[in-house]
Amino acid sequence: MDSQNPSAQAPAASRDEAKNHPSRGTSAGVVHDNTPHATHFTVVGNHLAQHEALSLTAIGLATHIQSLPSGSPVDIRSLARRFPEGTTRISAALRELEAHGYVRRNRERTAAGHVVTRTVSCNRPGHGAGRTGGHTAAGPRPRHEPPPPPRRRDTQEPLARRRDQRDAQAPRRREQREAQAPRRRAVLPAVPQPAYPTPDLIQTAIGVLSGLRRTDPRILISATDAEHLVPGVVTWLERDYTPDAVHRALTTTLPPEPLHRPAALLAHRLTAQLPPLPPFRPTRPATPHPLQNCDLCDRAYRAPQPGTCGTCATPTNSDTHSLLL
């Protein structure tokens, strides 16, 4: 009973509580099949490959950037043409790497005056020329410490100075434009329009307007203003107002201060003080005289009273000669 059979198959070992999951056993997990590289390889630290705070996209992007030769384009558009992730995910990954010190993007001004962005890749953040203080990128940046702002001081200060100068010069430029631009002619108030503007009434209205300055020299209007005011004066004349009455209505009780726009004042008076329409008076046709018979020639003619016609009433030459004899 104590003898052992070495050829017998050993029974299967049961799992304990610590090895309940297949991935926790020694037979599961990754198995490395490593071959040493002699050329074309890049050394990547475990602090990047196993970073606890970076996303998988950021870790892969940092590995790709570190494998590129110096001078290779690593902007968002170039990376989006190379990889299928798109500009949104690549931009987010670059921000992660910049926050943890694996990428620095600096703006520099060239000799020609152009502003370009220089991208610096750090394989060990905090140990190179771009380290700041004692912070290293082996672990995640503390949450209470905000990421460093991009270096734009050298470009923002001249822009802000030029913006302040432009804002200070804006009121002066506006005043210069307003002084150089031709002034718009102010629109005069509307005046009443006549029903039948006959040439005689229009000529009379022009005479009324041209005679206003003789009463008050301040009422000096231009030909354009007179053309605008003539219909209003004609409307007053149509309502049985004489030219003198219109003249008095436009020149009496004027304000004592200088008149800056006399044409506007006249237009207001022609509208505000417009008289009512005159009462309707129908015209009766003239009654013809009755027919009369001439006492001399017995011809019929019209006259208010009987007598002689016009022919008999005018003496002829023979009648005048007989009277002289």
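Structure: see above.
Since we're looking at a predicted model, the values are computed, not measured.

Q: Lay out the overall build of the protein chain with the relevant residues and their values.
A: When you go through the protein chain residue by residue, the secondary structure sums to 12 helices and 4 strands. Residues counted as buried form 23% of the 325 residues belonging to the protein chain. Taking the intrachain contacts of the protein chain between residues at least 6 apart in sequence as the baseline, contacts between residues at least 24 apart amount to 56%. About 25300 Å² of surface is accessible on the protein chain, with carbon and sulfur atoms providing 53% of the total.

Q: Pulling in residues and values, what's your account of the nonpolar core?
A: Counting residues in hydrophobic clusters, the biggest one holds 25 residues, and the most contacted among them are Leu209, Ile221, Leu229, Val233, Val246, Leu266 and Leu270. If you tally residues by element for this core, the top one is helix 8 (residues 223-238), at 7 residues. With residues near it in sequence (within four places) discarded, Leu270 still touches Val191, Pro192, Leu229, Gly232, Val233, Trp236 and Leu250.

Q: Residues and numbers for the packing of helix 6 (residues 199-210) against helix 8, please.
A: Put simply, helix 6 and helix 8 touch, their axes get as near as 8 Å, and they point 115° apart. The orientation of helix 6 with respect to helix 8, classified from their angle, is roughly perpendicular. When the axes of helix 6 and helix 8 are compared, the crossing they make is right-handed. Every residue of helix 8 that contacts helix 6 at Leu201, Ile202, Thr204, Ala205, Ile206, Val208 and Leu209 is listed here: Ala226, Leu229, Val230, Val233, Val234, Leu237 and Glu238. Here the residues of the contact of helix 6 with helix 8 sort into 12 nonpolar, 1 polar and 1 charged.

Q: So what about unusual backbone geometry? Which residues, and what values?
A: Phi is positive for Thr253, which is not a glycine, with a value near 50°. Within the fold, Thr253 resides in the loop between helix 9 (243-251) and helix 10 (262-272). In this structure, Asp298 is a non-glycine residue whose phi angle is positive, near 60°. Accessibility expressed as a relative area gives 57% for Asp298, which makes it exposed.

Q: Could you give an account of the side chain of Gln66, with specific residues and numbers?
A: The topology assignment puts Gln66 in helix 2 (residues 56-67). A residue is classified by how much of its surface remains accessible, and Gln66, at 16% relative accessible area, is buried. Leaving out residues up to four positions away in the same chain, Gln66 has contacts with Thr42, Val43, Val44, Leu48, Tyr102, Ser121, Cys122 and Asn123.

Q: Tell me about a positive patch on the surface, and name the residues and values.
A: On the surface, a cluster of positive charge is made up of Arg109, Arg161, Arg162, Arg163, Arg166, Arg173, Arg174 and Arg177. Of all the elements, helix 5 (residues 153-180) adds the most residues to the positive patch, at 7 residues. Within the secondary structure, Arg166 is located in helix 5.

Q: With reference to specific residues and values, describe the pairing of strand 2 (residues 115-121).
A: In terms of strand pairing, strand 1 (residues 103-109) meets strand 2 through 7 bridges, oriented antiparallel. Bridging across to strand 2, Arg104 finds its partner in Val120. Once strand 1 ends, the chain turns through 5 residues before running back antiparallel as strand 2, passing Gly113 with a positive phi of about 95°.

Q: Can you lay out helix 6 for me, pointing to particular residues and giving the numbers?
A: An ideal rise of 1.5 Å per residue puts 16 Å on 12 residues; helix 6 measures up with 17 Å between its terminal C-alpha atoms. In this fold, the buried residues of helix 6 make contact with helix 7 (212-215), helix 8 and helix 9.

Q: A description of the state of the cysteines should follow, citing residues and the corresponding values.
A: Tallied over the full model, the rule gives 0 disulfides. Free cysteine: Cys309, not disulfide-bonded; nearest cysteine sulfur from Cys312 at 3.6 Å. A relative accessible area of 7% means that Cys309 is categorised as buried. In this model Cys312 remains outside any disulfide bridge; the closest cysteine sulfur is found in Cys297, 3.5 Å from its own.

Q: Could you give an account of the environment of Thr198, naming the residues involved and the relevant values?
A: Its location among the elements puts Thr198 in the loop between helix 5 and helix 6. A C-alpha to C-alpha distance of 8.7 Å links Thr198 and Val234, two positions 36 residues apart in sequence.

Q: Run through the side chain of Arg239, naming residues and quoting values.
A: Relative to the helices and strands, Arg239 resides in the loop between helix 8 and helix 9. For the buried Arg239, no salt bridge is present, and the opposite-charge side chain at shortest range is Glu238, 6.3 Å distant. Setting aside residues no more than four positions away along its own chain, Arg239 makes contact with Leu274, Pro275, Pro276, Leu277 and Pro278.

Q: Tell me about the pattern of salt bridges, and please be specific about residues and values.
A: Inspection of every chain in the model, using the stated rule, returns 3 salt bridges. Here Glu108 ties to Arg118 by a salt bridge, and the two come within 3.4 Å at their closest N and O atoms. Of this pair, Glu108 sits in strand 1 while Arg118 sits in strand 2, and the two are 10 residues apart along the sequence. Among the residues examined, Glu108 registers a relative accessible area of 36% and is labelled partly exposed.

Rules used throughout
- Residues numbered from 1 in each chain as written.
- Predicted model: local features only at pLDDT ≥ 70, side-chain atom pairs only at ≥ 80, totals over all residues.
- Heavy atoms only, no water.
- Helix = DSSP H or I, 4+ residues; strand = E, 2+ residues; numbered from the N terminus.
- Buried < 20%, exposed > 50% of the residue type's maximum accessible area, 1.4 Å probe, protein only.
- Contact = heavy atoms within 4.5 Å.
- Areas by Shrake-Rupley, 256 points an atom, 1.4 Å probe, with all protein chains shown as cover.
- Core = buried A, V, L, I, M, F, W, Y, C linked by side-chain atoms within 4.5 Å.
- Axes fitted to C-alpha atoms, helices over the stretch in contact; angles between N-to-C directions.
- Parallel < 35°, antiparallel > 145°, perpendicular 65-115°, else oblique.
- Left-handed = near helix turned anticlockwise from the far one by under 90°.
- Nonpolar A, V, L, I, M, F, W, Y, C, P; charged D, E, K, R; others polar.
- Patch = residues over 30% accessible without salt bridge, like charges linked within 9 Å, V, L, I, M, F, W, Y side chains within 5 Å.
- Salt bridge = Lys/Arg side-chain N within 4 Å of Asp/Glu carboxyl O.
- Lys, Arg positive; Asp, Glu negative; His and termini not counted.
- Charge placed at Lys NZ, Arg CZ, Asp CG, Glu CD.
- Pairing = 2+ DSSP bridges.
- Expected span 1.5 Å × (residues − 1).
- Disulfide = S-S within 2.5 Å.

As far as function goes, none of this settles anything; it's purely spatial.
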